[in-house]
Amino acid sequence: MQTFTMRGAQPNILLIGIGMASVVEAVVLHLVLAARYPWIAYPMEVVGVLAFVQMWRLFGSLAGGRVTVSDDTVEIHAGRMAHVAIPRALILDVVKASWTNLPQKGTAEADGYVNVTGPSEPALLLTLREPVPVRIMGLVTKSAHRIAVFVDQAHDLRGLLSVPDR
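Residues numbered from 1 in each chain as written. Predicted model: local features only at pLDDT ≥ 70, side-chain atom pairs only at ≥ 80, totals over all residues. Heavy atoms only, no water.

Enquirer: Talk me through the nonpolar core; I want residue IDs and the actual numbers.
Expert: Counting residues in hydrophobic clusters, the biggest one holds 34 residues, and the most contacted among them are Val-67, Ile-76, Ile-86 and Ile-147. Elements that contribute at least two residues to this core include exactly α2 (38-60), β2 (66-69), β3 (73-78), β4 (82-87), β5 (91-96), β7 (124-136), β8 (140-149) and α3 (154-161). Per-element tally for this core: the top contributor is β7, with five residues. Other than its neighbours up to four places away in sequence, Val-67 contacts Gln-2, Thr-3, Phe-4, Met-6, Val-74, Glu-75, Ile-76, Val-149, Val-151 and Leu-157. Ranked by size, the runner-up nonpolar core spans five residues in total, among them Ala-97, Leu-102, Leu-125 and Ala-148. (Core = buried A, V, L, I, M, F, W, Y, C linked by side-chain atoms within 4.5 Å. Buried < 20%, exposed > 50% of the residue type's maximum accessible area, 1.4 Å probe, protein only. Helix = DSSP H or I, 4+ residues; strand = E, 2+ residues; numbered from the N terminus. Contact = heavy atoms within 4.5 Å.)

Written out as structure tokens, the structure reads:
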């Protein structure tokens, strides 16, 4: 059994941008609402802070994400973002992810596609023979036959999962 990490999948720039926007929004809303409606201004601030903390925890959990490869299963645990177990017999192809092979949102090609590492740029694209259930944020299950994932040792994982020509 081999394990590959997702430490580099943290979208730090995204978190900084969202954090700055949250602070600006909280200050502006507070200044606009506090004078006339203080009973709504303070709860809005609390909601903004809690939303930012939740996003920080969600994206930060990607650092603990991992891809575990056993003899018969590939298990992708992308922090709190997604979880999927893929039987190795279902893996048709593993390629380096690039703009040429990742589907655009809203197209027919995007049906059955999931990027399990969220806003991070995927490193590998796994194509499966048949769809598998992907648990997203512990709430929603989506059926996918193309799964994109960021992993630190992408070249090694790709070599391990390579499907010999049949």
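Now that the structure has been shown, the text picks up again.
Enquirer: Run through the confidence of the model for the protein chain, naming residues and quoting values.
Expert: Note: predicted coordinates in regions of low pLDDT should not be interpreted at a detailed level. This prediction gives the protein chain a mean pLDDT of 84; 95% of its residues lie at or above 70. The lowest-confidence element of the protein chain is helix α1 (residues 12-34), averaging 76 in pLDDT; the highest-confidence one is β4, averaging 94. (pLDDT = per-residue confidence, 0-100.)

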